[in-house]
2 protein chains.
Amino acid sequence: MAKIYVVGLGPGAYDDMTIRAVNALNACDTIVGYSVYVDLIKDHFTGKNYLTTSMKKEVDRCRLCFEEAEKGHTTAMICSGDAGVYGMAGLMYEIGEEHPDVELEIIPGVTAALSGGAVLGAPLGHDFAVISLSDLLTAWETIEARLKAAADGDLCVAIYNPSSKKRHDYLQKACDILMTGKKPETICGLVRNIGREGEAFEVMTLGELRNTEVDMFTTVFVGNQATKVVRGHMVTPRGYRDV
Amino acid sequence: MAKIYVVGLGPGAYDDMTIRAVNALNACDTIVGYSVYVDLIKDHFTGKNYLTTSMKKEVDRCRLCFEEAEKGHTTAMICSGDAGVYGMAGLMYEIGEEHPDVELEIIPGVTAALSGGAVLGAPLGHDFAVISLSDLLTAWETIEARLKAAADGDLCVAIYNPSSKKRHDYLQKACDILMTGKKPETICGLVRNIGREGEAFEVMTLGELRNTEVDMFTTVFVGNQATKVVRGHMVTPRGYRDV
């Protein structure tokens, strides 16, 4: 049976891939992905047929996978971070309804909430939400409602896509909504270029985060009321010391 | 400088570890962890000094790491899933305040939201929350407030620790709270024994989930209003097909 692996690469470095992801890519003859992700891995997996499409061509990219698989090629669709979290796994299932003869295997990867969290310390040590500020595919009102919910529930938050050229003030707006339920003193942090050249982190308060400029290669973390700075890092305790 | 790696192992199988996690464990002479996690890896990393403590001895386990590191042993603390998400990274930073001479490196891993998600399909393809139902360290009122927030924000939810001997009706209670904001028809799923022998998944509605018995080796997924069943799997679309 024809097979497609939908593979989460993790943050970008080869070492952050799982062994299962490496084995799957080694087993493939065709690897399909957004060109930026192909560039991350092509030196590690040579002799493969790489096929790329540009951003915003996600449906075409998925169809290309199924076409390749139906030609008899063992094929991988690669995603940065995890295969499912804002990744291609869902769309591959949807497009796959037209291709019931092709088997899908989803291989998870380390999403930015985890890889960035490891750089910052332990910002997501207790219950948390993952929310993207990109309104390309989601109404801004929906994003606002989710931020408000996270604030009301005192959830930690990992914020994906906090900024872009067209959305330079979205993080500021998000912080204002979060501050309807969280104090301006809430400990926050951000990680730039996770797992890539120029990786750097900063710890700050929610009030300071509101006035911080970030780019699209940044992941932002907002604490809960117990989050604190420990050894210069952002730590949300689970409460083991209080038992 | 003495060094401790805090390593997320992923769901349990060797292949689900990242290369960075494998390299770190290979570089260590001492590996500290809860005995169940040590059993998962000890055949793959031989010639190591394994030190275990029982459950609920997390503070002791962390202190043991720092003692070993200060004796000159390169040491790893192992966690299942991710090192930070309900893992030991935060507590290691806290205990580490007494040991500023010991360096900490956190190595992230594939948490159950991602590994279970990959088995189910793509349940977390859009904004989501991760919430643990364990009230060992967290007041039940806090857990309730977070479930309510996730329901109000139409967030997908990955539920950790959905049950235990003492908490056999917690998932039922959680579903009742989620149904204050989500419809009983909301698509949900669960995965048992992720990455281990007996791995199995089921897709059902939130109403059905309420009346389903689960054990502590199960991770539960609750969809948002767009979540659907595709090819027998649970898929939360991000919306690529609607552009």
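All values derive from a computational prediction rather than experimental measurement. (Residues numbered from 1 in each chain as written. Chains lettered and ligands numbered in written order. Predicted model: local features only at pLDDT ≥ 70, side-chain atom pairs only at ≥ 80, totals over all residues. Heavy atoms only, no water.)

One pass over the structure, following the stated rule, counts eight aromatic pairs over all chains. Judged by centre distance (5.2 Å) and plane angle (90°), the rings of Y34(B) and Y37(B) are edge-to-face. On the basis of relative accessible area, Y34(B) is assigned to the buried category, the value being 17%. When the ring centre of W140(A) is taken as reference, the NZ or CZ atom of K173(A) above it lies at 5.1 Å. (Phe/Tyr/Trp six-rings, centres within 6.5 Å; stacked < 30°, edge-to-face > 60°. Buried < 20%, exposed > 50% of the residue type's maximum accessible area, 1.4 Å probe, protein only. Lys NZ or Arg CZ within 6 Å of the ring centre and 35° of its normal.)

One copy of the chain maps onto the other through a rotation about an axis plus a displacement along that axis. Of the transformation superimposing chain B on chain A, the axial component is 0.0 Å and the angular component is 180°, with the fit at an RMSD of 0.0 Å. When the rotation and shift are considered jointly, the pair of chain copies conforms to a two-fold rotation axis. A shared binding surface is used by both copies, with 100% of the interface residues of chain B retained as interface residues in chain A. (Least-squares fit on C-alpha atoms with pLDDT ≥ 70 in both. Contact = heavy atoms within 4.5 Å.)

Residue and element names in this part refer to chain B. Of all the nine residues making up helix α5 (residues 112-120), nine are buried; the element is thus mostly covered by neighbouring parts of the structure. When we look at burial in α5, the residues that qualify are A112, A113, L114, S115, G116, G117, A118, V119 and L120. After α5 finishes, the residue G121 shows a positive phi value of roughly 135°. (Helix = DSSP H or I, 4+ residues; strand = E, 2+ residues; numbered from the N terminus.)

All right, on to the packing of helix α3 (residues 58-70) of chain A against helix α4 (residues 89-96) of chain A then. All names here are of chain A. Viewed as axis vectors pointing N to C, α3 and α4 meet at an angle of 60°, and their least axial separation amounts to 10 Å. Between α3 and α4, the angle falls in the class oblique. Viewed along their axes, α3 and α4 form a crossing whose handedness is right-handed. Between α3 and α4, the contacting residues are E58, V59, C62, R63, C65 and F66 on the first element and L91, M92, I95 and G96 on the second. (Axes fitted to C-alpha atoms, helices over the stretch in contact; angles between N-to-C directions. Parallel < 35°, antiparallel > 145°, perpendicular 65-115°, else oblique. Left-handed = near helix turned anticlockwise from the far one by under 90°.)

Moving on: the interface of chain B and chain A. For an interface, size is often stated in terms of accessible area lost upon the parts coming together. Each side of the interface is counted separately: chain B has 73 residues, and chain A has 73 residues. Buried area between chain B and chain A, summed over both chains or domains, comes out near 6200 Å², and the portion from carbon and sulfur atoms is 60%. Of all residues in chain B, the largest losses of buried area upon contact with chain A belong to R146(B), R231(B) and Y240(B), amounting jointly to 13% of the total for that side. Joining chain B to chain A, the criterion identifies eight salt bridges. Here D16(B) and R20(A) are joined by a salt bridge, their closest N and O atoms 2.9 Å apart. (Buried area = accessible area lost by both parts, 1.4 Å probe. Salt bridge = Lys/Arg side-chain N within 4 Å of Asp/Glu carboxyl O.)

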